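# Reading the structure
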Amino acid sequence: MTGIHRIMNEHTNETKSAVSGETRVPSLSHWGAFEAVVENGRLIRCEPFRKDPAPSRLLNSMVEQVYSPLRVLRPAVRRGWLAQREGSDRTARGVDGYVEVSWDAALQLVADELQRVRTQYGTESLFGGSYGWSSAGRLHHARTLTHRFLYSGGGCVDQQGNYSWGAAQFLLPHVIGTYAPVSGRVTDWNNIIGHTRLIIAFGGLALKNGEITSGGAGEHSMGKWLNEAVQAGVEFVSVSPTRADTPDTINAEWIGVRPNTDTAMMLAMAHTLLVEGLHDAAFLARYCEGFDAFADYLLGKPDGVVKSSRWAEALTGVSHDVISGLARRVAATRSMITVAWSLQRGHHGEQPYWMAVTLAAMLGQIGLPGGGFAFGHGSMNGVGNPRGNFPGPEMSPGKNPLGRGIPVARLTDMLLSPGASYEFNGRTQTYPDIQMVYWAGGNPFHHHQDLNRLMRAWAKPQTIVVHDSWWTPTARRADIVLPATTTLERNDIGGSSRDRFVLAMHQAIPPVGFARNDFDIYSELAARAEHEAVFSDGLDEQGWLRRIYQGIATGCAKQGMTVPDFDAFWQTGHLEYPAPKEDFVLFEGFRRDPDAYPLNTPSGKIEIFSRTIAGFGYDDCPPHPAWLPPHEWLGATESAQWPLHLVTNQPADKLHSQMDAGKVSLADKVSGRAPVRINPEDAAARGIRNGDIVRVYNTRGACLAGAIVDPGLMANVVVMPTGAWFDPQGPSLERHGNPNVLTLDIGTSRLAQAPSALSALVDVALWAGPAPDMKAHQRPEIMSYDACGEQC
Ligand SMILES: Nc1nc2c(c(=O)[nH]1)N[C@H]1C(S)=C(S)[C@@H](COP(=O)(O)OP(=O)(O)OC[C@H]3O[C@@H](n4cnc5c(=O)[nH]c(N)nc54)[C@H](O)[C@@H]3O)O[C@H]1N2
Ligand SMILES: Nc1nc2c(c(=O)[nH]1)N[C@H]1C(S)=C(S)[C@@H](COP(=O)(O)OP(=O)(O)OC[C@H]3O[C@@H](n4cnc5c(=O)[nH]c(N)nc54)[C@H](O)[C@@H]3O)O[C@H]1N2
Ligand SMILES: [Mo]
């Protein structure tokens, strides 16, 4: 026994309790670090990491999920595809049963199919974007491995950007020269606590979102920071359609705003600042480009519309004196404008972000302690954590030889319209003609908008391969399903660049069923196609863990920090970074000396007016921030027919669709369905009471949900969390409460082409009569390996 296996066993032996026979090993998930407690080879508990002051209750769902009857136990092939391959009836995806086959047979089918499609149609017909969160471990991160595998085999069509902050990613570089304030650091909490007097949180600071850190939280710190800020006397204002977006403990003032109208509210605040001379003209002159054109817009010179607070009141539902009063308050003190990522996940989602930067520029506090703008302090645990520039664990996907990708959320457009042209960030591109889709580590039947439309598009490719650990809605719509191990069934290393821990993840139990690691599946497939050496670089699991750790050690050395060697790290179970000595203030250097530290924009300044964007000529993203009514919102003419704005937010009781069948998630279902929150008046008008099953519907689809009557919600707004496993009874009714049958599948604008999930109008009606049985958490019909005889 060498390397990790030896160390693992030593560790296991050391922590074995003589009395109970329990062993415990360190592990990690996106919802936190933990110790896996194992007895007789079975996982029995997940105990929170000792250094986590506020562990997530989501850990309680893990044991039953690992042994869930929904696990994919063996490779399985859709019946129709097994019989007719690329000639199969593709509309039978989601209907057909499956036949279990041997690993050898399954791998050969996948290898042959990859080769056939590449030879017959070219690499540009293979879609391997594989968007999704996968697991927290960075070596066995399924999406990264999918890319590494497909790139090393010749390339694939990829996806650019993400669903989380895709509009910001493509807009912000034009405005501030970087999108680091969404991917990386913003002014940290220590600095806010020390200097900020007033935080305006557009989209609130929802503690539920603090359960999660991408890559895994060693320390859940969001609640702690909020409490410290309150104790330091920081005042909070939450601008959101729901009161629930801030915890009661921070005593936030709630300003209820109509969804997707924040830009209008911020414009009116800017207008108040301008006409009352409260703006910082010296800051705007020295650090910003193009304020004059924007000021003309505020004053209504080009369009005859003055962006006054009375103008905004009619759009936002917020009274004019509240808007102008708030403008005066932020100008009178050290204030931080922090904007949730959700605001840019609606149609024209570029605008609220551009406008928040502009408003902060007018206040002149950018780069000062506790002042300026930030994004996402309440969107994910770890945003604003004080943390030095230490590296996180990283696995490289390599380079895509095809060099081609679509904007992440244009998935259905691509499948439905091969050859069609579209615009994206100043360029015109065409959609490829996809024949084969490869997905591991994501759940498009969770994450994508307008799922009935995706269903139609999903029938287009000849072949779809999915790896997952569970029979998710996406796995149930694939032709070849390969069972992947979970985190607990392999060794890994994880951690987030927002968190101060790097964590060892020891294999706790043997693979469940015949599951294999994605890494091993791809190594084997690569071997069959003779690119294994490029895929694995000659390293196995142990070799990779050491290499990833070496990357950390090298990065730390550059910061003057020596880390223990790998074996010592593995045995300790984690590496803890020291707290930085100085606060991080976004754009501090630029503020101090804009000539020495210019921004990476054409002017070197904050671009309130962008000549580059002007050059694109997009009417859906003009050259300065502007109020552009979304395609669907409460002011649209369609609202006469569809009077409720549907907000689909992140679920408190799971990560996206992961562990939807776990007990934490199930306990929150209302009458077995995903909850829909509705204001008392809207509920009364429809005869709806708490706990009723209702139908939420619009022209795109309908789903059932369980009503929660919520007085802390604006009138004409309903809120549904995402994550309920898609369970359609045909296109007209989804039975379980997956709100993505209702959402709008258009790009935010031609600039970013990001998802517009948060711009959807619906109506709600009481469901009369018995509700249909659900199949969301059932396995598809599977002909077992033992029963299928020669077909296997
Ligand atoms: N309406 C609406 N829709 C939204 C959003 C919204 O706000 N509103 N939010 C969007 C956002 S921000 C995001 S990030 C997306 C999230 O969308 P996804 O990331 O697609 O959602 P997950 O449920 O996390 O999907 C991860 C999948 O990977 C699988 N998996 C986990 N570990 C492994 C592994 O080791 N190997 C393999 N092979 N599979 C594994 C899980 O079982 C699961 O099926 O949703 C988006 N969709
Ligand atoms: N528990 C849990 N936490 C998570 C996740 C999860 O699945 N579960 N997912 C993680 C991921 S991938 C991401 S990207 C982040 C997302 O982080 P966010 O995008 O910040 O999270 P959301 O819950 O989608 O939205 C936050 C709040 O914004 C409000 N909101 C929606 N539309 C508007 C609007 O137009 N104006 C205003 N003012 N407010 C609006 C909603 O009331 C909503 O509750 O969350 C992360 N955290
Ligand atoms: Mo996300």
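Given the structure is predicted, the values throughout are model-derived calculations rather than measurements.

So, about the domain arrangement of the chain. Each domain of the chain was delimited in the assignment, giving domain 1 (3–66), domain 2 (76–161 + 403–494 + 511–530), domain 3 (167–384 + 603–616) and domain 4 (637–766). Each side of the interface is counted separately: domain 2 has 9 residues, and domain 3 has 10 residues. Of the roughly 690 Å² buried at the junction of domain 2 and domain 3 (both faces included), carbon and sulfur atoms supply 66%. Broken down residue by residue, the surface that domain 2 buries against domain 3 is led by W133, G161 and N425, which jointly contribute 56%. Linking domain 2 with domain 3 are 0 salt bridges, by the criterion used here. Joining domain 2 to domain 3, the criterion identifies 1 residue pair in polar contact (both at pLDDT 80 or more).

Now for the sheet that holds strand 20 (residues 492–495). Strands sit in the order 20-21-22 across an open sheet of 3 strands; the sheet is antiparallel. Unpaired on one side and paired on the other, strand 20 and strand 22 (574–576) mark the two borders of the sheet. With strand direction ignored, the average angle separating the axes of adjacent strands in the sheet is 15°. Here strand 20 pairs with strand 21 (residues 501–505) via 4 bridges, running antiparallel. Paired with G494 across the bridge in strand 21 is L503.

Turning our attention to the packing of helix 10 (residues 262–275) against helix 13 (residues 309–316). Packing of helix 10 against helix 13 leaves a shortest axis separation of 9 Å and a crossing angle of 165°. Taken together, helix 10 and helix 13 sit at an angle that is classed as roughly antiparallel. Along this stretch, helix 10 crosses helix 13, giving a crossing that reads as left-handed. Between helix 10 and helix 13, the contacting residues are A264, M265, L267 and A268 on the first element and S309, W311, A312, L315 and T316 on the second.

Our next topic: the site of ligand 2. Contacts to ligand 2 come from 31 residues, most closely from K208, D245, N260, D262 and S379. The separation between a nitrogen atom of ligand 2 and a polar main-chain atom of K654 is 2.8 Å. Between ligand 2 and H656, the relevant distance is 2.8 Å, taken from an oxygen atom to a main-chain nitrogen or oxygen of the residue. Relative to its unbound accessible area of 920 Å², ligand 2 is 99% covered by the protein chains. Where the shell around ligand 2 is concerned, the elements lending two or more residues are strand 9 (235–240) and strand 24 (644–649). Across the shell around ligand 2, the residue classes break down as 14 nonpolar, 11 polar and 6 charged. Taken domain by domain, the makeup of the shell around ligand 2 includes at least three residues from each of domain 3 (167–384 + 603–616) and domain 4 (637–766).

Below, the discussion takes up the packing of aromatic side chains. For the structure shown, the criterion picks out 33 aromatic pairs. Relative to F375, the ring of F373 lies with its centre 5.5 Å away and its plane at 45°, an arrangement referred to as tilted. Across the pair, exposure class does not vary: F373 and F375 are buried alike. A centroid spacing of 5.6 Å and a plane angle of 20° characterise the contact between F445 and F726, whose relative ring orientation is stacked. Here the residue F445 occupies a position in helix 17 (residues 444–447), and F726 occupies one in the loop between strand 28 (717–721) and strand 29 (761–766), the gap between them amounting to 281 residues.

Reading the values: rules and limits
Residues numbered from 1 in each chain as written. Chains lettered and ligands numbered in written order. Predicted model: local features only at pLDDT ≥ 70, side-chain atom pairs only at ≥ 80, totals over all residues. Heavy atoms only, no water. Domains from an automatic or database assignment. Contact = heavy atoms within 4.5 Å. Buried area = accessible area lost by both parts, 1.4 Å probe. Salt bridge = Lys/Arg side-chain N within 4 Å of Asp/Glu carboxyl O. Polar contact = N/O pair within 3.5 Å; in protein donor to acceptor, adjacent residues only side chain to side chain. Pairing = 2+ DSSP bridges. Helix = DSSP H or I, 4+ residues; strand = E, 2+ residues; numbered from the N terminus. Axes fitted to C-alpha atoms, helices over the stretch in contact; angles between N-to-C directions. Parallel < 35°, antiparallel > 145°, perpendicular 65-115°, else oblique. Left-handed = near helix turned anticlockwise from the far one by under 90°. Near = heavy atom within 4 Å. Areas by Shrake-Rupley, 256 points an atom, 1.4 Å probe, with all protein chains shown as cover. Nonpolar A, V, L, I, M, F, W, Y, C, P; charged D, E, K, R; others polar. Phe/Tyr/Trp six-rings, centres within 6.5 Å; stacked < 30°, edge-to-face > 60°. Buried < 20%, exposed > 50% of the residue type's maximum accessible area, 1.4 Å probe, protein only.

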